[in-house]
Amino acid sequence: MTIPRLTDAHPAWLPPEALRAVGSRRVLVLADESALAQTVRAEVADACERHGGTVAAPGGEFDLVLALSAGSLPPVAEAMKGQEIGDEGFVLGRRDGVTAVLADDPAGLLYGFFQVVRLGEEAFGADRPAEAHRPALRRRMLDHWDNLDVHPVMGQVERGYSGGSIFWRNGSARADLTRVRAYGRLLAASGVNAVAINNVNVHATEARLLTDRLGEVAAIAAELRPYGIRVHLSVNFASPIALGGLDSADPLEEGVPEWWAATTKRVYETIPDFGGYVVKADSEGQPGPFAYGRDHADGANMLADALAPHGGVVFWRAFVYDHRQDWRDRSTDRARAAHDHFAPLDGRFRDNAIVQVKYGPMDFQTREPVSPVIAAMPNTRLAVELQVTQEYTGQQRHVCYLGPLWSEVLGFRFWGHGERTVADVATKGGLIAVSNVGDDPYWTGHPLAQANLYAFGRLAWSPGLDPAALLDEWIGLTFPGGSEVVRETLHTMMDGSWHTYERYTAPLGVGFMVRPGHHYGPDVDGYEYTPWGTYHFADRDGVGVDRTRATGTGYTGQYPAPWSEVYESLTECPDELLLFFHHVPYSHVLQSGTTVVQHIYDTHFAGAEEAAGIRAAWEKVEGEVDAALHARVRERLDEQVRSAREWRDQVNTYFLRKSGVPDEHGRRIY
Ligand code: GCW
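The following paragraphs examine the structure supplied in this document. (Residues numbered from 1 in each chain as written. Predicted model: local features only at pLDDT ≥ 70, side-chain atom pairs only at ≥ 80, totals over all residues. Heavy atoms only, no water.)

Some points on the overall build of the protein
As a reminder, the rule being used: In DSSP terms, a helix is any run of H or I states spanning at least four residues, a strand is any run of E spanning at least two, and both are numbered starting from the N terminus. Only C-alpha atoms enter the radius of gyration; for comparison, a globular chain is expected to reach 2.2 Å times N to the power 0.38, where N is the number of residues. In this description, contact between two residues means that some pair of their heavy atoms is separated by no more than 4.5 Å. A 1.4 Å probe and the Shrake-Rupley method give the accessible areas. Residues count as covered only by the protein chains that appear here. Only four residue types enter the tally: Lys and Arg on the positive side, Asp and Glu on the negative side, with His and both chain ends excluded. Just so you know, the charge point we use is NZ for Lys, CZ for Arg, CG for Asp and CD for Glu.
In terms of helices and strands, the protein carries 22 helices and 20 strands. At 25 Å, the protein has a C-alpha radius of gyration in line with the 26 Å of a compact globule built from 670 residues. C-alpha extents for the protein along the principal axes are approximately 80 × 65 × 50 Å. A fraction of 72% describes how many contacts in the protein between residues 6 or more apart in sequence connect residues 24 or more apart. Carbon and sulfur atoms make up 50% of the accessible area of the protein, which totals about 24,100 Å². Counting 63 positive and 89 negative side-chain charges, the protein places the centres of these two groups 2 Å from one another.

Structural notes on the site of the ligand
Put simply, the test is: Nearness here has a simple test: a residue counts as near a molecule or strand if at least one of its heavy atoms is within 4 Å of that partner. Under the rule applied, a polar contact is a pair of N or O atoms within 3.5 Å (in protein, one hydrogen donor and one hydrogen acceptor; residues adjacent in sequence only if both atoms are side-chain atoms).
In the vicinity of the ligand lie 15 residues, with E158, K280, R317, D363 and E391 positioned nearest. In this structure, an oxygen atom belonging to the ligand sits 2.5 Å away from a side-chain N or O atom of E158. Contacts to the ligand include R159, whose side-chain N or O atom sits 2.9 Å from an oxygen atom. Across the complex, the protein chains shield 97% of the 340 Å² of accessible surface that the ligand would expose by itself.

Quick look at the packing of aromatic side chains
Worth spelling out the cut-off: Centres within 6.5 Å are what make two rings of Phe, Tyr or Trp a pair, Trp counting through its six-membered ring; a difference in plane orientation under 30 degrees is then read as stacked, over 60 as edge-to-face, and the rest as tilted. Three labels apply to residues, based on accessible area from a 1.4 Å probe with only protein chains included: buried if under 20% of the type maximum, exposed if over 50%, partly exposed otherwise in between. Charge-over-ring placement is defined geometrically: NZ (Lys) or CZ (Arg) within 6 Å of the ring centre, and within 35 degrees of the ring normal.
Considering all chains together, one arrives at 34 aromatic pairs under this definition. Ring centres 4.9 Å apart and planes at 85° place the aromatic pair W327 and Y529 in the edge-to-face group. Here W327 is found in the loop between β15 (313-317) and α11 (337-342), whereas its partner Y529 is found in the loop between α18 (497-504) and β19 (542-543), with 202 residues between them in sequence. The exposure class assigned to W327 is partly exposed, which follows from its relative accessible area of 32%. Judged by centre distance (6.0 Å) and plane angle (70°), the rings of Y586 and F655 are edge-to-face. A residue pair is termed long-range when its members are at least 10 positions apart, and Y586 in the loop between β20 (584-585) and α21 (596-618) and F655 in helix α22 (residues 627-659) qualify at 69 residues. Each member of the pair, Y586 together with F655, is buried. Taken together, the aromatic side chains of F412, F414, Y555, Y559, W563, Y567, F580 and F581 make up a single cluster linked through ring pairs. The ring centre of F537 lies 3.9 Å from the NZ or CZ of R330, which sits over that ring. Sitting above the plane of the Y321 ring, R334 keeps its charged end 3.8 Å from the centroid.

Some thoughts on the pattern of salt bridges
Convention followed: The rule for a salt bridge is simple: a side-chain nitrogen of Lys or Arg has to be within 4 Å of a carboxyl oxygen of Asp or Glu.
Summed over the entire model, instances satisfying the criterion amount to 50 salt bridges. The residue R328 makes a salt bridge to D326 at a minimum N-O spacing of 2.7 Å. Assessed through its relative accessible area of 34%, D326 is described here as partly exposed. What you see here is one network of salt bridges that share partners, running through R615, E619, E622, R634 and D638.

With respect to the packing of helix α16 (residues 467-478) against helix α17 (residues 484-495)
Threshold: Between N-to-C directions, angles span 0 to 180 degrees; the directions come from axes that are lines fitted to C-alpha atoms, helices contributing only their stretch in contact. An angle below 35 degrees is treated as roughly parallel, one above 145 as roughly antiparallel, one from 65 to 115 as roughly perpendicular, and anything else as oblique. Crossings are sorted by hand: turned counterclockwise from the far helix by less than a right angle, the near helix makes the crossing left-handed, and turned clockwise it makes it right-handed. Under the grouping applied here, Gly and all other residues not named as nonpolar or charged are polar, the nonpolar ones being Ala, Val, Leu, Ile, Met, Phe, Trp, Tyr, Cys and Pro and the charged ones Asp, Glu, Lys and Arg.
Close contact between α16 and α17 brings their axes to 10 Å; oriented N to C, the two are set at 135°. Comparing their axes, α17 and α16 come out oblique. By crossing handedness, the relation of α16 to α17 is classed as right-handed. Contacts between α16 and α17 involve A468, L471, D472, W474 and I475 on the former and, on the latter, R487, L490, H491, M494 and D495. When the residues that make up the contact of α16 with α17 are grouped by side-chain class, the tally is six nonpolar, one polar and three charged.

Considering the sheet that holds strand β14 (residues 276-279)
Heads up, the rule is: Pairing between two strands requires that DSSP report at least two bridges joining them.
Judged by pairing direction, the barrel is parallel, and its eight strands sit side by side in the order β7-β12-β13-β14-β15-β16-β17-β18 before closing back on the first. On average, each strand axis in the sheet is inclined to that of its neighbour by 25°, with strand direction left out of account.

Here's the deal with the sheet that holds strand β6 (residues 128-133)
Taking strand neighbours across the sheet as the criterion, the six strands line up as β2-β1-β3-β5-β4-β6 in an open arrangement whose pairing is mixed. At either margin of the open sheet sits one strand with a lone partner, and together these are β2 (54-55) and β6. Where strand β4 (residues 90-95) and β6 come together, four bridges link them in antiparallel fashion. Residue pairing for β6: L92 is matched across the bridge by E131.

Considering a negative patch on the surface
To keep it simple, the criterion reads: Residues enter patches when they are more than 30% accessible in relative terms and free of salt bridges; like-charged ones are connected within 9 Å and nonpolar ones (Val, Leu, Ile, Met, Phe, Trp, Tyr) within 5 Å.
On the surface, D247, E253, E254 and E258 cluster together into a negatively charged patch. Along the chain, E253 falls in the loop between α8 (239-242) and α9 (256-270). With relative accessibility at 34%, the residue E253 sits in the partly exposed group.

Overview of the pairing of strand β1 (residues 26-30)
Spelled out, the test is: The crossover handedness rule: strands pointing away from the viewer, path from first strand over the helix to second strand clockwise, crossover right-handed.
Sheet topology places β1 next to β2; two bridges connect them, and they run parallel. Among the inter-strand pairings, R26 is bridged to a residue of β2, identified as T54. Crossover β1 to β2 through helix α2 (residues 35-51) is right-handed. Pairing geometry for β1 and strand β3 (residues 64-68), over four bridges, is parallel. From the neighbouring strand, L28 faces β3, where its bridge partner is V65.

Some words on the environment of T205
Its location among the elements puts T205 in helix α6 (residues 204-207). Setting aside anything within four residues of it in sequence, one finds T205 in contact with L148, D149 and R213.

Describing the environment of A308
Its location among the elements puts A308 in the loop between α10 (296-307) and β15. On the accessibility criterion, A308 (42% relative accessible area) is partly exposed. A sequence separation of 32 residues divides A308 from G276, and the C-alpha atoms of the two residues are 9.5 Å apart.

Looking at unusual backbone geometry
Of the consecutive residues A561 and P562, the connecting peptide bond is found in the cis state with omega at 5°. If you trace the backbone, P562 turns up in the loop between β19 and α19 (563-568). The backbone of F537 sits at a positive phi, close to 60°, despite the residue not being glycine. Mapped onto the elements, F537 comes out in the loop between α18 and β19.

Observations regarding α16
Spelled out, the test is: Expected span of a helix: the number of residues minus one, times 1.5 Å.
With twelve residues, α16 extends 16 Å between its outermost C-alpha atoms, agreeing within 8% with the 16 Å of an ideal straight helix rising 1.5 Å per residue. For α16, the set of buried residues is P467, A468, L470, L471, W474, I475, L477 and T478. Tucked into the core, α16 has its buried residues touching α4 (106-119), α13 (403-411), α15 (450-461) and α17. Structurally, the start of α16 carries an N-cap: the backbone nitrogen of A468 is 3.1 Å from a side-chain oxygen of D466.

Looking at α13
For α13, a buried count of seven out of nine residues is recorded, marking the element as mostly surrounded by other parts of the structure. Among the residues making up α13, those that are buried are G403, P404, L405, W406, S407, V409 and L410.

Comments concerning the side chain of T534
Mapped onto the fold, T534 is located in the loop between α18 and β19. For T534, a relative accessible area of 4% corresponds to the buried category. Of the polar contacts made by the side chain of T534, one reaches the backbone oxygen of Y527; its length is 3.5 Å. For T534, the residues in contact, after removing those within four places along its chain, are R334, M362, F512, Y527 and E528.

Set out below in structure tokens:
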């Protein structure tokens, strides 16, 4: 096992400097010969080689010991025994000048190693009582929407803003997968332990990864395995027809489940630690069980049964809605769709069928209420899906730190105070996110978008972490030795950037207003008369979607109390979601005291101004951060400022022209 050293990619949160504290110590590793333990040894040896430390021999002196609890232990580690550790967990403590990490399994040792890296010199400072760290969620996964081939419009990675795929090139797996190994390393250091390596829209070529092109999947799995990352594959529900030569993919027809069982068996013969499948069915044109009059439990259970003997799982996406809606029809509501389809199926899914639910009822908008499906299926293993790739949040041209958004979602309580959060529900299934990584030298196009990837992994490990603290953690690792100015500037630019982005884009939770197709930049009516179910219903009198039970689509009724009442009520509904739930006149007064239309003007002027402020702040660190990185960020910030102004002017102008209500402050609107 060799530690990947990349010369053509930015080191992200693992620059050599970030390993100086560990690498300049005497480090003892007491572990077995498993692959993950070998990785820990190799990491320690590599860091010591770079920074002048030594790999200590048993019996010798050491400053840090990383040990598996089963073996015989030096006193400092022995003393930490007795704490409950568990899968992938570790105990970390320091006493008498020695730091110790104790784990029950090699994965825990690897995560403990990266915790020491995160702490840096702090890990070798004052004594610290032994403290147990355990992942709150067992499944912490990134979905890649990567295709093998380059699509003429979408590019290679669907909704990817970071170049081509790190896995695939020219229609097959890359010959040199060093970058994939390095990716696995970064993910392990953030807490992620699973990856799906192809798009959920499974086209003809990609479908074959399941069968005759499985060798390519195995090659990628081999690169990720040393960092404890399991590979998953997105599969096409119609595979029995396309790949198996059957004339049906009906889950209840003889021959179809048998085909899946045999195919899955072959997958595990090739990749024994294969994670399982991801399925997008009956959604945006992907085939599914509806074609045979079956439901989603029938479909998911067939795949679950094929995977069960091998310990695999199927992630079955709940993103099912009618994308051929008639905009004239105000009774059909896309927001209702996932709950309408899935809630009645609660209790029918196999134990290894995980229903994967987007955090909001629509589609990764800047602001949405939390999906009611998350509260509606207590007898199902649910995973919650986030989007790290910034499809609707600036496409990695805008700075938009999403930690605060995710943290709000994960901490949301459906049943009132003191009860279960979204994160608690997700412990059964997992936390999943669409990756923002590509073959760009900075991994994520916008260098500062790396923070989103990092924060996702950390929140999947521990959803209660403070996103502002995670931001500082990321800054500290990525810009080691950065001055106070660097750290403060980055923090100020990024911490509030989600709210800034929200201010200059679609107002009050109404969503979309983006250019159809590529989804970048403003187009207020872009989706207003399309079949996608994404409307704001603005007219001369008012704006918003009536989703109440009293007079609207009844969507509010999908929530348990108290939210069903809070969202139904015009006076109690939180301002930031008002237009998601209600159609109101422009003169409607918000809880904040301003009218809806004045709020639109105010936030759009403020948001564009804040974007300009973020741009200006970056000048302060010129000369203090790497010049190429500085230039790349500057170029993106210029575009953000331009785009924010465009948003401001189009949205304000649209509402001024619709409503005829002038801005109270007489600012320029066109
Ligand atoms: O929002 C839509 C995106 C599609 C994506 C889909 C999904 C992979 O625009 O590009 O398809 O969501 O989540 O399946």
